[in-house]
Amino acid sequence: VPGPLLIKENLDIVWAIIWGLVFSNLLASTIGLLAAKLLVRVSFLEVSIIIPVIAAISLTGAFANRGNIIDVLMAVIFGLFGYFMRRNGFPVITLVIGFVLGKLAEVSFFQSIMVSRGDYFVFFKRPLPLTLFLLLIGLLFLPFIRKKRRESL
Amino acid sequence: VRKKEGIGFALFLVCIVGLLLINSFSYNFKTRLIPMSVGGVSFILGLFILLGEVFPRFRQFFEVDLFGRDGMASQEAYQPRWSEKKGLLIAVSWLILFALLIFMVGFSLAIPVCVFIFVKFFGKQSWLLSFMVMAMVWIFIYGLFQVLMDYKLFEGVLFGGIL
């Protein structure tokens, strides 16, 4: 029964969730520690065995997430996209970070706009966001400045 | 060949971002704020990359050590063993076949077939090992999803799977 009175009315469920989390973490850590020696052997397996195993688990996982078969197709497309990114010297991690933080950034952006009652310049009016923004701009240009300095030395 | 692929990929990125940017015009003002600001910056950076691929002298200006270490170099130097055209073509075809089989006949049949094909014919392993890997992967996925979690995997459109 989720809601604002959850803790007051259903404390037993809350405790069950907390203890469930505690035990699941303990269990996962114990299994991880005990199986570490066996699991490390995976890295010695041949690539021709690892690839189909990972592909099968990944595609099944892609489907199981939402139960949508289109997600399997998307997993294949993005898998190939990631491969070509690496092949052409693009770091894949930046794309993954974008995907993970994208939604969070959008939600936070609109939260800030709502809190400021529709003021789009809220990010430049307060000292903390302004400092962060200026630091970000500075960091973007820092490599170029460093390169120039290195060249002039 | 390498340069052509670089130009092609950069052009592909610019086109994709450009299309998404154009598409975002159909949203209302508030909804298109983030897609347009992120997409706009990405589009400009994509153009820089494309220019850098076409004109190497332009690229030199942007070749900086972004993370204060040689972090990008490892990405540039990444050359997988299957970068040869034939190997890449086979791997891509296998992956597409895998997705197509999942769509047509479902996970339960596609997984053993594709795993076996890869291990036996692409990996050139023995028949016994190929069968063992196939069986283990199938048992693991079927056992975990269908039996333990009672999760119904897609059966394939040929066997009544609903999209």
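Residues numbered from 1 in each chain as written. Chains lettered and ligands numbered in written order. Predicted model: local features only at pLDDT ≥ 70, side-chain atom pairs only at ≥ 80, totals over all residues. Heavy atoms only, no water.

### Observations regarding the overall build of chain A
Step number 1: Along the backbone of chain A there are 7 helices and 0 strands.
Step number 2: Order of helices (α) and strands (β) in chain A, N terminus to C terminus: α-α-α-α-α-α-α.
Step number 3: Scaling as 2.2 N^0.38, a compact globule of 153 residues should have a C-alpha radius of gyration of about 15 Å, whereas chain A reaches 24 Å, well beyond that.
Step number 4: Projected onto its principal axes, the C-alpha positions of chain A cover 55 × 55 × 35 Å.
Step number 5: By the burial criterion, 21% of the 153 residues in chain A qualify as buried.
Step number 6: Contacts in chain A between residues at least 24 apart in sequence constitute 0% of all its contacts with a sequence separation of at least 6. (Helix = DSSP H or I, 4+ residues; strand = E, 2+ residues; numbered from the N terminus. Rg over C-alpha atoms; globule rule 2.2 N^0.38 Å. Buried < 20%, exposed > 50% of the residue type's maximum accessible area, 1.4 Å probe, protein only. Contact = heavy atoms within 4.5 Å.)

### Digging into the interface of chain A and chain B
How big an interface is tends to be expressed through the accessible area that disappears when the partners come together.
Step number 1: Taken together, the 38 residues of chain A in the interface contact 54 residues of chain B.
Step number 2: Taking both sides of the interface into account, the surface hidden between chain A and chain B amounts to around 4,400 Å²; carbon and sulfur atoms contribute 75%.
Step number 3: By the criterion of area lost to chain B, the three top residues of chain A are Ile-69, Arg-86 and Arg-87 of chain A, representing 15% of everything that side buries.
Step number 4: Here chain A is connected to chain B by 1 salt bridge.
Step number 5: Note that Arg-87 of chain A and Glu-5 of chain B form a salt bridge whose closest N and O atoms lie 2.8 Å from each other.
Step number 6: Of all elements in the fold, only helix H3 (47-66), helix H4 (70-87), helix H5 (92-115) and helix H7 (127-152) of chain A reach the threshold of two or more residues within the side of chain A that touches chain B.
Step number 7: Element by element, the count of residues in the side of chain A that touches chain B is highest for H3 of chain A, at 14 residues.
Step number 8: Classifying every residue of the side of chain A that touches chain B gives 26 nonpolar, 5 polar and 7 charged. (Buried area = accessible area lost by both parts, 1.4 Å probe. Salt bridge = Lys/Arg side-chain N within 4 Å of Asp/Glu carboxyl O. Nonpolar A, V, L, I, M, F, W, Y, C, P; charged D, E, K, R; others polar.)

### Quick word on the side chain of Ser-130 of chain B
All names here are of chain B.
Step number 1: For Ser-130, the location among the structural elements is in helix H7 (residues 127-148).
Step number 2: Judged by its relative accessible area of 0%, Ser-130 falls in the buried class.
Step number 3: Among all residues touching Ser-130, those that are not within four sequence positions of it are Phe-116, Val-119, Lys-120 and Gln-125.

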